[in-house]
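One letter stands for each residue in the lines below.
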Amino acid sequence: MADLSRRKMLITGGALGAMGALSIASPAHAWTWSPTGSVAGAGAGLDPRWVWDEEADPLAASLLDRGAVPEVNRLLWDWNRNDQPLPAGLPGDLVAFIEKARQLPPWADRAKLETAATFNKSRGLYLNLLNGVGGGMLSTAIPKEARAVYYSKGGADMEDRVAKTSLLGFAVGALDAYRPEGTCIVQSVKTRLVHAAVRHLLQQSPHWGGDIPISQEDMLVTWHTLPTYAMRKMLEWQVPIKPAESAAYLHVWQVTAHMLGIRDEYIPATWDAANAQSDQILPRNMGPTPEGVELTDILLGQLAEQTSPGSVSRPLCNALARYLVGDQVADWDGIRREPVWDPLISSAWPKLVKFREGLIPLPLVPSIAWVIDEAVRQYILFFLTKGKETKIEIPTTNRPGT
């Protein structure tokens, strides 16, 4: 990893020395979350660190080993809609897997999915900000995820990697997410196959010395940096959310977790169960890495470049990211402190939220809030547009040159 600068390595080392007590330097804790709190209501209770995807993994390995992936990607390029038949010519074992994997779980509730779609539309600004910038900054502070991203093929082109990740995120939040004309089932199944391929490929990389990547726990950790984190932040910001909306928002992500290959016995049934699970597994899976610092720098550089070039600076983006994830994660990610922008954002953003929700009148909103608001809008527009230019594909190699 020759392109990591010495300064960024020192930032990471300093953060580890100051913050490492949370997970990197502390012994692993036993898995105690009970499957009685899951959507399944029961389960074996196995530690998810040692559980992967027993259906997708051998299939992806077989497709890669027999050189079938390039043709599979070509055939699946125009497979987009939830109700769309699979194209002819796919290998029989892949067809059998996809036809099973594309079925919604029996506990999926269509009414809740429709309520979630409406909620995602009405709260889209917050959710896209939290899932995009916030979730992105959290993901780079998860050592196994940061390393998996960095050393897999997507780590070499983070703009493309983020665009492909956004395809799934925006599909979940779309009005037609799980309707026949939607795309969420397709994006979830393709992502599941990508995860399986990365598991197979990374174990062949000389830079990957850990366990098999993307375990059930790894996927749960990522899951909690999206809906669980977003709901907690919206409640912290005092965004009014009705009980039915809250339950529906959880439900659409429960269904998505299932479609991504997370076992039902690990998917939280309630927000209380989700918060309890998050509190157990996030601390033991978060911390600094040089790869995470490098990826964060790339992501924030993209954000600064695309949000109104010439008028919105990197310091604003740094401060926005720090505000969203807090000082500890920001320090792990090597995000600079901004003495001007940090206090402005922490003061202006809550007032902007309250104005949007009709809780305070316009005169109480500082003018700087609209600069922040425009930066957020441009970020969302950029990644929405980029997402339309790409497709999720199964990788055939790791990061070039590693």
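Residues numbered from 1 in each chain as written. Predicted model: local features only at pLDDT ≥ 70, side-chain atom pairs only at ≥ 80, totals over all residues. Heavy atoms only, no water.

A. A look at helix α9 (residues 184-202). The terminal C-alpha atoms of α9, which comprises 19 residues, lie 26 Å apart, in line with the 27 Å expected from a rise of 1.5 Å per residue. Most of α9 is tucked away: 19 of the 19 residues are buried. (Helix = DSSP H or I, 4+ residues; strand = E, 2+ residues; numbered from the N terminus. Expected span 1.5 Å × (residues − 1). Buried < 20%, exposed > 50% of the residue type's maximum accessible area, 1.4 Å probe, protein only.)

B. Representation of the packing of helix α8 (residues 158-173) against α9 within the structure. Axis separation between α8 and α9 bottoms out at 9 Å; the angle between their running directions is 145°. When you trace α8 past α9, the crossing you get is left-handed. On the side of α8, the interface is formed by Leu167, Leu168, Ala171 and Val172, while α9 contributes Cys184, Gln187, Ser188 and Thr191. For the contact of α8 with α9, the residue count by class is 5 nonpolar, 3 polar and no charged. (Axes fitted to C-alpha atoms, helices over the stretch in contact; angles between N-to-C directions. Left-handed = near helix turned anticlockwise from the far one by under 90°. Contact = heavy atoms within 4.5 Å. Nonpolar A, V, L, I, M, F, W, Y, C, P; charged D, E, K, R; others polar.)

C. Up close: the confidence of the model for the chain. Per-residue pLDDT for the chain averages 88, and the proportion of residues at 70 or more is 89%. Overall, residues 1-27 carries pLDDT values under 50, and its contacts beyond four positions in sequence, including any with other chains, amount to 46 contacts. (pLDDT = per-residue confidence, 0-100.)

D. Local environment of the nonpolar core. Formed by 122 residues in total, the largest nonpolar core has its most connected members in Ile98, Tyr178, Met234, Trp237, Leu324 and Trp349. Take this core: its biggest share by element is 11 residues, from α9. Not counting residues up to four positions away in its chain, the partners in contact with Met234 are Phe119, Tyr126, Leu127, Leu130, Val239 and Ile241. (Core = buried A, V, L, I, M, F, W, Y, C linked by side-chain atoms within 4.5 Å.)

E. Representation of the side chain of Asp333 in the model. Here Asp333 lies in the loop between α15 (327-332) and α16 (341-356). Of note is the side chain of Asp333, whose polar atom sits 3.5 Å from the backbone nitrogen of Ala141. When residues no more than four places from it in sequence are discounted, the contact partners of Asp333 are Met137, Thr140, Ala141, Gly292, Val293 and Thr296. (Polar contact = N/O pair within 3.5 Å; in protein donor to acceptor, adjacent residues only side chain to side chain.)

F. How the structure looks around unusual backbone geometry. Unusually for a residue other than glycine, Ile214 sits at a positive phi of about 55°. Mapping Ile214 onto the fold places it in the loop between α9 and α10 (216-236). Ile214 sits in the buried class, given a relative accessible area of 15%. Its identity is not glycine, yet Gln238 carries a phi of approximately 65°, on the positive side. The residue Gln238 is located in the loop between α10 and α11 (243-259) in this model. Look at Gln238 and you get partly exposed, because its relative accessible area is 48%.

G. Structural context of the pattern of salt bridges. Per the counting criterion, the structure on display carries 26 salt bridges. A salt bridge links Arg81 to Asp83; its shortest N-O distance comes to 2.8 Å. Given the relative accessible area of 38%, Arg81 is considered partly exposed. Taking the relative accessible area as the measure of exposure, Asp83 reaches 40% and is therefore partly exposed. With a shortest N-O distance of 3.3 Å, Arg123 and Glu357 are connected by a salt bridge. With a gap of 234 residues between them, Arg123 in the loop between α5 (110-122) and α6 (124-139) and Glu357 in the loop between α16 and α17 (368-387) connect regions that are remote in the sequence. Pair check on accessibility: Arg123 and Glu357 agree, each one buried. (Salt bridge = Lys/Arg side-chain N within 4 Å of Asp/Glu carboxyl O.)

H. Region of interest: the environment of Asp331. Relative to the elements of secondary structure, Asp331 occurs in helix α15. On a C-alpha basis, the gap between Asp331 and Ala141 in space is 9.4 Å, while along the polypeptide they are 190 residues apart. Side-chain polar atoms of Asp331 contact the side chain of Arg337, separated by 3.3 Å.

I. Up close: empty space enclosed by the protein. Considering all chains together, one arrives at 2 cavities of 30 Å³ or more under this definition. The calculated volume of the largest cavity comes to roughly 70 Å³. Lining the largest cavity are 14 residues; nearest its centre among them are Leu113, Ala117, Leu175, Ala177 and Tyr178. Broken down by element, the residue count for the lining of the largest cavity peaks at 6 residues, all from α5. Along the lines of polarity and charge, the residues of the lining of the largest cavity split into 9 nonpolar, 1 polar and 4 charged. A volume near 50 Å³ is recorded for the second largest cavity. Considering the residues around the second largest cavity, the lining is formed by Asn73, Leu76, Trp77, Lys190, Ile392, Glu393 and Ile394. (1 Å grid on protein atoms, 1.4 Å probe; cavity = no way out; pocket = protein on both sides within 12 Å on 5 of 7 lines; lining within 4 Å. Points joined across faces, edges and corners; volume = space filled by probe spheres on them.)

J. View of the packing of aromatic side chains. All told, the structure shown has 9 aromatic pairs when counted by the stated rule. Relative to Trp33, the ring of Trp31 has its centre 6.1 Å away and its plane inclined at 50°; by these criteria the two rings are tilted. With respect to class, Trp31 is no different from Trp33; both count as buried. Aromatic pair Tyr150 and Tyr151: ring centres 5.0 Å apart, planes at 80°, arrangement edge-to-face. Neither Tyr150 nor Tyr151 differs from the other in exposure class; each is buried. Taken together through their ring pairs, the aromatic side chains of Tyr126, Trp237, Tyr323 and Trp349 make up a single cluster. Note that Arg399 overlies the ring of Tyr150, its terminal NZ or CZ placed 4.0 Å from the centroid. (Phe/Tyr/Trp six-rings, centres within 6.5 Å; stacked < 30°, edge-to-face > 60°. Lys NZ or Arg CZ within 6 Å of the ring centre and 35° of its normal.)

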